[in-house]
Amino acid sequence: MCLLVAVCDGLFAQTVFPSLEPLFVYEAAGEPLSGEDLMRAALDFSLCPAESEKGEQILSRYRELEAAVLSPETAALPPMAKGEKILTLMYEKVLRQYAKNQTRVDQLFIDGSYNCVSSSVLYFALAREAGLQVAGQETPEHAFCSIYIDGKKIDVETTNPGGFNPGVKKIVEQTEKSTRYFVVPKKYYSGRKEVGERKFISLVGRNMVSMMNDRGNYEQGIPLSAARLVFVGNAIEKDTAAVREDFDTLAGNYAIDLDQRQKKSETALEWLQAVSDRWGITAGLQRKFDTIAYNCAVNYLNLKEYDQARRAFDEYKNRLSQKNALSIDQMIYSAWLDGSVEGLSPDETIAFLHEERKGPGAKEKSLINRMNQLEEYAWYQKLKPLFDGEDYLSAAELAEEGLNYVPSSRNLQTIKAQCLKNYAIDIHNAFADLANAGKYQEAQTILLEGLEKVPSDVTLKNDLKRLQNYLKK
């Protein structure tokens, strides 16, 4: 009995979605954020809460570095020299080894490993505390800082100890006879954008979320991405839009995972509904809604589960774009029509379709076309035995009857024309046999009967004309 209960629990187990609430809500005393405030936020995004024992240890290390930046010796330097000194101190006291994916600021202080984001965030915090006007710069693949001095923007490439103001020669060694220089090449930062401090600091979280997405770790990634949304807020519209797009991408990827990998299209729709209820609908989420709703309908229709397709559609149709809702609605109805006539006789199919034409489906052009196609085929099935039996006149008359209901059917028009042509050929052959046998009166009678059915047939007209001319001689 216990075993049976366990199996049933498994059968009816429901998907537990990742939390849509922010992993944390960061609160600071004021704006702009101080250097330590920025580091606290960066630690939270590194999944090392600033209030934790480890977080306090990291903050203690940061304060030591900050003290060196605020020392009288460094504080007395002019802004340009101060900006360069901060980068030098970072490498002297903390930074050791570049690692492309090492975006966590706690790890940066633990073993000195860093990437462009973690090192730039550290520089940003220290420059802010030192009183410099610092800004975060972002490209699709990179992050760095800039400081403004007398209105001039100076870039700071934090992944290189000599990266202050890249492209400028700096002295390495100088003697009476020679001077040695080094230069950090000035990179072409394609697609660079200056972003607000909150978005810049949250790049730590973005990189963390990206790695979680790659591993399919939505349980951690989505709450952390939601924390970015709250942290960035609505202060800078373009930053808010970009962070929301990142969030929608992750939420959408989870929906795609449910839909395609786990084969749970309805669960994916339920998830997207939960996301839009909590955070509002966006164009990106709407596209996911539309795509997965279509997939859900197709999955059910492939199984010929028309009622399930209709039920799922009715549940979520108000969440879909108007165009997509109409398209799916028509697709389900069309598939239901196909399934409904499957196995019916031609007469049963025609009767069913005539009844359906009285319903609401007959108002949509695409559905009218599908009904016409189905009825056209039913009439074809009715007349085919007559055609195969060479009863062309009866087949033509049946095609004509069908055209009364489906007047736009080119196939029925073509079949009717072919039947009448074949009928005329049969009349011509019969006429020729009678005429050759000298039975002219009978030959004329059969020609007149044929022309009564196909009065425009040129061959029969010529036959009659030749026969009448012959009889006049």
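Worth saying up front: this structure is predicted, and the values here are computed from it rather than measured.

**Q** When you look at the pattern of salt bridges in this model, what are you seeing that I'm missing?
**A** Should the charged atoms of two oppositely charged side chains come close, the side chains can pair. Per the counting criterion, the structure on display carries 25 salt bridges. Of the charged contacts in the structure, one is a salt bridge between Arg261 and Asp257, with a shortest N-O distance of 2.8 Å. With Arg261 and Asp257 both in helix α10 (residues 237-261), this residue pair falls four residues apart, about one helical turn. For Arg261, a relative accessible area of 60% gives the class exposed. One connected set of salt bridges, linked through shared partners, spans Glu36, Arg40 and Arg63.

**Q** Honestly, helix α5 (residues 79-93) in this entry has me stumped. Any pointers?
**A** Since the α-helix advances by 3.6 residues per turn, residues separated by three or four positions end up pointing in the same direction. Its 15 residues give α5 an end-to-end C-alpha distance of 21 Å, which sits within 8% of 21 Å, the value for a rise of 1.5 Å per residue. Buried positions along α5 lie against α3 (53-69), α4 (72-75), β2 (113-114), α7 (116-129), β4 (143-149) and β5 (152-156).

**Q** I would appreciate a short explanation of the nonpolar core in the present structure.
**A** Here is a general trend for soluble globular proteins: nonpolar side chains tend to be buried in one another's company. Counting 95 residues, the largest nonpolar core has Met39, Ile86, Met90, Leu122, Tyr123 and Trp271 as its most contacted members. At nine residues, α7 tops the list of elements feeding residues into this core. Residues Cys419, Ala424, Ala435 and Ile446 belong to the second largest nonpolar core, which totals 28 residues.

**Q** What is the right way to look at unusual backbone geometry in this model?
**A** Leaving glycine out, the prevailing phi sign among residues is negative, and the prevailing peptide bond configuration is trans. Positioned with a positive phi, Lys304 is a non-glycine residue whose angle comes to about 60°. If you trace the backbone, Lys304 turns up in the loop between α12 (283-302) and α13 (306-316). You will see that Glu390, though not glycine, has its phi angle at about 65°, which is positive. On the secondary structure map, Glu390 appears in the loop between α16 (365-388) and α17 (392-405).

How each quantity is defined
Residues numbered from 1 in each chain as written. Predicted model: local features only at pLDDT ≥ 70, side-chain atom pairs only at ≥ 80, totals over all residues. Heavy atoms only, no water. Salt bridge = Lys/Arg side-chain N within 4 Å of Asp/Glu carboxyl O. Helix = DSSP H or I, 4+ residues; strand = E, 2+ residues; numbered from the N terminus. Buried < 20%, exposed > 50% of the residue type's maximum accessible area, 1.4 Å probe, protein only. Expected span 1.5 Å × (residues − 1). Contact = heavy atoms within 4.5 Å. Core = buried A, V, L, I, M, F, W, Y, C linked by side-chain atoms within 4.5 Å.

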